[in-house]
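Residues per chain are reported as follows:
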Amino acid sequence: MSLSSRHLLGLYNVPKEDIQLILDTAVTFREVMERPIKKVPTLQGKTIVNLFFENSTRTRISFELAQKRLSADTVNFSTSTSSTKKGETFKDTVKNIEAMKVDMIVVRHQSAGVPKFLTQFSDANIINAGDGQHEHPTQALLDMYSIREKLGKLAGLKVCIVGDIAHSRVARSNIYGLKAMGAEVSVCGPTTMIPRGIENMGVKIYNRIDDAIKNSDVLNVLRIQLERKAGTSIPSLREYHNFFGVTEERLAKKEGEILILHPGPINRGVEISSEVADGPNQVILNQVANGVAIRMAVLYLLGTQN
Amino acid sequence: MKILLKNVSLLNPDQKLDKKADLLIENGKISEIGSIELDEKDGKVFDLEGNYCVPGLFDMHVHLREPGREDEETIETGSNSAAAGGFTGIACMPNTDPAIDSAEIVRYIIEKASHHLVDVYPIGAVSNERKGETLAPLLELSKAGAVAFSDDGVAVKTSDLLRSALEYLKMVDAPLIEHCEDEALADGVMNEGAVSTELGVPGLPSVSEDLIVMRDVLMAEYVGGKVHIAHISTKNSVEIVRSAKLKGIKVTAEVTPHHFTLVDESLRSYDTNLRMNPPLRTQEDVDAMIEGLKDGAIDVIASDHAPHSLEEKEYEFIYAPNGILGLETQLGITLSELYHKKHLSLAEIVDKLSVNPRKILGLPVPQIKVGEIANLTVFNPDEIWTVDVKKFLSKSKNTPFDKKLLTGKPTLTINNGQMFSQGKFESIV
Ligand SMILES: [Zn+2]
């Protein structure tokens with residue numbers, strides 16, 4: 001069994017079989033992680049570069065840990081300023097790194113499309129660790145893994161992604177992945193955070209959190225940040241919390257179970273209350289552990305492909 | 001020197017001329033039209049069966065990068081590119097560095113272009129340094145030779161400044177060319193809609209353009225000034241211009257070949273050569289462009305020729321600069337997409353590519369008449385060719401049309417006693 005592509009650029013158009021294979025492979029690695037010696041020699045001799053043009057300690061650490069456990073050699077390249085602003089083009093930067101003979105590149109960048117652009121001039125396997133507001137496929141895979149782990153399936157489940165959908169790469173990857181796996185996907189947020197034309201992606205839209213809770217088996221709650229244009233898309237974090245925050249009170253009205261996911265880091269008291277974040281319905285810390293297993297699975301499947 | 005154009009269809013809607021004949025050029029002037037014989041040893045004879053001879057084409061929206069970015073284009077290379085594309089005249093935008101906001105720079109450009117086949121007409125900035133704060137010396141610029149005024153790259157910043165500029169320009173009867181984009185809605189890098197949502201690319205909403213078109217139309221009506229809408233791209237904007245014209249408001253509009261052919265769907269490739277401003281819109285907008293060209297809401301086809309260095313076009317998508325080359329593909333795309341698809345007749349195309357831009361800028365339309373200077377473009381509407389960016393005379397290479405098969409190609413470009421033919425310039429006097 002192997003993946004149909006030699007890169008993981010996103011979950012757009014990725015066949016169900018590939019997602020299934022990654023999730024199943026991750027189960028094995030999840031078991032490895034419970035062993036006293038958490039290392040396997042699978043990627044020995046492979047060199048992987050973590051190319052992070054945008055700060056993300058969590059995602060980088062998760063990838064690094066996955067690489068170490070697969071016995072790969074890892075190099076980190078992190079910079080928060082765009083290479084183009086330093087007078088060297090992105091292409092030059094990457095070509096320089098590639099000249100050191102790397103097998104795989106894990107890339108995070110502020111610009112959508114960068115992982116795809118990389119495939120045009122690099123021979124390495126490219127793994128997207130987040131590109132602009134476009135995709136973050138390993139996050140969506142670990143979200144799906146966590147749901148499946150808890151509920152035993154994905155097909156037929158009603159999953160709602162709550163928050164700033166317009167600016168979320170996690171939302172887009174989740175929509176593609178979950179739909180491929182047969183889940184029903186909806187999004188919920190203030191109208192200003194729901195991007196134009198999202199219905200073309202085949203999702204339902206809720207503008208009231210109570211409706212979303214009522215009609216969903218799973219809520220994937222996104223972190224709300226006051227961005228550059230603070231005050232124009234939502235008046236305040238307080239108002240967001242009052243109208244869209246996931247709280248015990250709101251969940252209590254739900255008949256039946258609901259599973260709460262959050263990609264982190266959590267803004268307690270904004271998109272989610274502390275009680276819910278630490279409560280019985282959430283799998284937030286499982287997500288973190290599962291993230292390493294998912295990344296091991298992706299690296300393994302791409303790194304051992306022929 | 002004598003040049004005989006044999007068996008060519010003479011077409012100039014401005015003269016109501018449409019007939020097949022031979023045309024003799026002597027020392028750069030049209031000396032005879034009719035049935036003419038010329039011995040090869042007395043001059044050059046071109047058998048132009050199937051070709052059309054029209055008043056030299058004119059592109060009123062060109063970015064030459066001189067002064068400032070001579071690594072991307074110079075007045076010379078841009079003019080060469082124009083001649084190769086069949087253009088005998090161009091108007092160049094003032095977003096150079098420094099901007100064309102002083103008479104010296106206007107004169108510098110005119111002087112540098114004066115020896116060339118292609119006539120180059122500078123467009124002056126509306127505001128000093130194009131900052132949108134204070135009026136540039138519009139009368140001085142006009143006197144030095146600027147034919148129109150624009151802060152292209154951005155819209156005239158405030159309604160206040162727009163009003164002043166339009167009032168002031170009435171004294172020289174020159175149009176204000178507007179890049180229509182509401183600054184407050186200009187954060188994105190591609191058309192906002194279902195595709196930008198899927199691609200996770202910040203969107204530029206069409207309403208950003210519509211708002212400024214509406215503002216300018218209302219201001220032109222109020223003041224009685226002349227506004228020309230540059231690179232129109234949305235369905236609503238075309239509708240606004242159309243109804244403004246019906247009301248007698250002095251507004252004209254141009255569209256680029258890419259806006260009547262390409263759509264935002266193509267950006268799925270994240271090709272930075274598809275990044276432009278205004279961005280590629282939807283099929284509905286493309287259809288509205290063609291409709292506007294047909295019913296006259298859109299007067300002009302202009303390229304918005306915008307050279308950029310290869311390095312810059314290899315930036316990451318959100319950091320890459322906007323704009324593509326246009327001069328050397330414009331006629332071919334127009335003929336392929338509008339003439340061969342039966343949207344416009346050749347006479348209508350000559351109006352949009354030669355007659356109308358000159359009239360908007362207050363320039364005389366070259367006449368195909370004995371005694372006139374030969375300012376002519378000869379093209380073959382049926383010649384099939386493949387775009388090869390390596391053969392471009394422009395200094396830059398940023399085009400999404402490389403390798404594209406087009407039907408219709410310029411054969412000869414003639415003006416100012418010079419001729420461009422088969423990749424070479426030669427004197428014909
Ligand atoms: Zn412009």
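The model shown is predicted, which means the values in this text are computed figures rather than measured ones.

1. A word on the packing of aromatic side chains
Next up, step 1: By the definition in use, this model includes eleven aromatic pairs over all chains.
Next up, step 2: Members of the aromatic cluster, connected to one another through ring pairs, are Phe53(A), Phe77(A), Phe90(A), Phe117(A) and Phe121(A).
Next up, step 3: We note Arg295(A) situated over the ring of Phe63(A); from NZ or CZ to the ring centre the distance is 5.0 Å.
Next up, step 4: The ring centre of Phe317(B) lies 5.9 Å from the NZ or CZ of Arg275(B), which sits over that ring.

2. Comments concerning the sheet that holds strand E1 (residues 47-52) of chain A
Residues and elements named next belong to chain A.
Next up, step 1: Strand order in the open sheet formed by four strands is E2-E1-E3-E4, with parallel pairing between adjacent strands. Either end of the sheet is taken by a strand with one partner, and the two such strands are strand E2 (73-78) and strand E4 (125-131). For this sheet, the mean inter-axis angle between neighbouring strands, taken without regard to orientation, is 15 degrees.
Next up, step 2: Bridging between E1 and E2 involves six bridges; their strand directions are parallel. Bridged to Thr47 within E2 is Asp73.

3. Notes on the nonpolar core
Nonpolar side chains in soluble globular proteins tend to be buried together.
Residue and element names in this part refer to chain B.
Next up, step 1: Membership of the largest hydrophobic core comes to 99 residues, with the highest contact counts inside it found for Ile229, Ile232 and Phe260.
Next up, step 2: Ranked by the residues each element gives to this core, the list is headed by helix H6 (residues 206-223), at six residues.
Next up, step 3: Inspection of this core shows a minimum of three residues originating in each of domain 1 (2-53 + 369-384 + 407-427) and domain 2 (56-360).
Next up, step 4: If near-sequence neighbours (up to four positions away) are discounted, Ile232 is found in contact with Glu209, Ser237, Val238, Val241, Ala253, Glu254, Val255, His259, Met289 and Ile298.

4. Focus: the side chain of Ser216(A)
Residues and elements named next belong to chain A.
Next up, step 1: Here Ser216 lies in the loop between helix H7 (209-214) and strand E8 (218-221).
Next up, step 2: Within polar-contact distance, the side chain of Ser216 engages the backbone oxygen of Ala212 at 2.6 Å.
Next up, step 3: Setting aside its immediate chain neighbours within four residues, Ser216 contacts Lys158, Cys160, Ser186, Lys254, Glu257 and Ile258.

5. So, unusual backbone geometry
All names here are of chain B.
Next up, step 1: With an omega of 0 degrees, the peptide bond between Glu66 and Pro67 qualifies as cis.
Next up, step 2: Checked against the element boundaries, Pro67 lands in the loop between strand E6 (57-62) and helix H1 (75-84).
Next up, step 3: The omega torsion of the bond from Asn277 to Pro278 falls at 0 degrees, within 30 degrees of zero and hence cis.
Next up, step 4: Structurally, the position occupied by Pro278 is in the loop between strand E14 (251-255) and helix H8 (283-295).
Next up, step 5: Phi is positive for Lys16, close to 55 degrees, though the residue is something other than glycine.
Next up, step 6: Note on placement: Lys16 falls in the loop between strand E1 (2-12) and strand E2 (17-26).

6. A word on the domain arrangement of chain B
When the parts come together, some accessible area is lost, and that loss is often what is quoted as the size of the interface.
Residues and elements named next belong to chain B.
Next up, step 1: Taken domain by domain, chain B consists of domain 1 (2-53 + 369-384 + 407-427) and domain 2 (56-360).
Next up, step 2: Contacts between domain 1 and domain 2 engage 23 residues on the former and 27 residues on the latter.
Next up, step 3: Summed over both partners, the interface of domain 1 with domain 2 buries about 1,900 Å², with 63% contributed by carbon and sulfur atoms.
Next up, step 4: Counting the surface domain 1 buries against domain 2, the share from its top three residues, Pro13, Phe379 and Phe425, is 23%.
Next up, step 5: Here Asp14 and Lys359 are joined by a salt bridge, their closest N and O atoms 2.7 Å apart.
Next up, step 6: Along the contact surface separating domain 1 from domain 2 lie 15 residue pairs in polar contact (both at pLDDT 80 or more).
Next up, step 7: Counting only elements with at least two residues in the side of domain 1 that touches domain 2, the list comes to E1, strand E16 (376-386), strand E17 (405-415) and strand E18 (418-421).
Next up, step 8: Tallying contributions element by element places E17 first for the side of domain 1 that touches domain 2, with seven residues.

What counts, and where the lines are drawn
- Residues numbered from 1 in each chain as written.
- Chains lettered and ligands numbered in written order.
- Predicted model: local features only at pLDDT ≥ 70, side-chain atom pairs only at ≥ 80, totals over all residues.
- Heavy atoms only, no water.
- Phe/Tyr/Trp six-rings, centres within 6.5 Å; stacked < 30°, edge-to-face > 60°.
- Lys NZ or Arg CZ within 6 Å of the ring centre and 35° of its normal.
- Pairing = 2+ DSSP bridges.
- Helix = DSSP H or I, 4+ residues; strand = E, 2+ residues; numbered from the N terminus.
- Axes fitted to C-alpha atoms, helices over the stretch in contact; angles between N-to-C directions.
- Core = buried A, V, L, I, M, F, W, Y, C linked by side-chain atoms within 4.5 Å.
- Buried < 20%, exposed > 50% of the residue type's maximum accessible area, 1.4 Å probe, protein only.
- Domains from an automatic or database assignment.
- Contact = heavy atoms within 4.5 Å.
- Polar contact = N/O pair within 3.5 Å; in protein donor to acceptor, adjacent residues only side chain to side chain.
- Buried area = accessible area lost by both parts, 1.4 Å probe.
- Salt bridge = Lys/Arg side-chain N within 4 Å of Asp/Glu carboxyl O.

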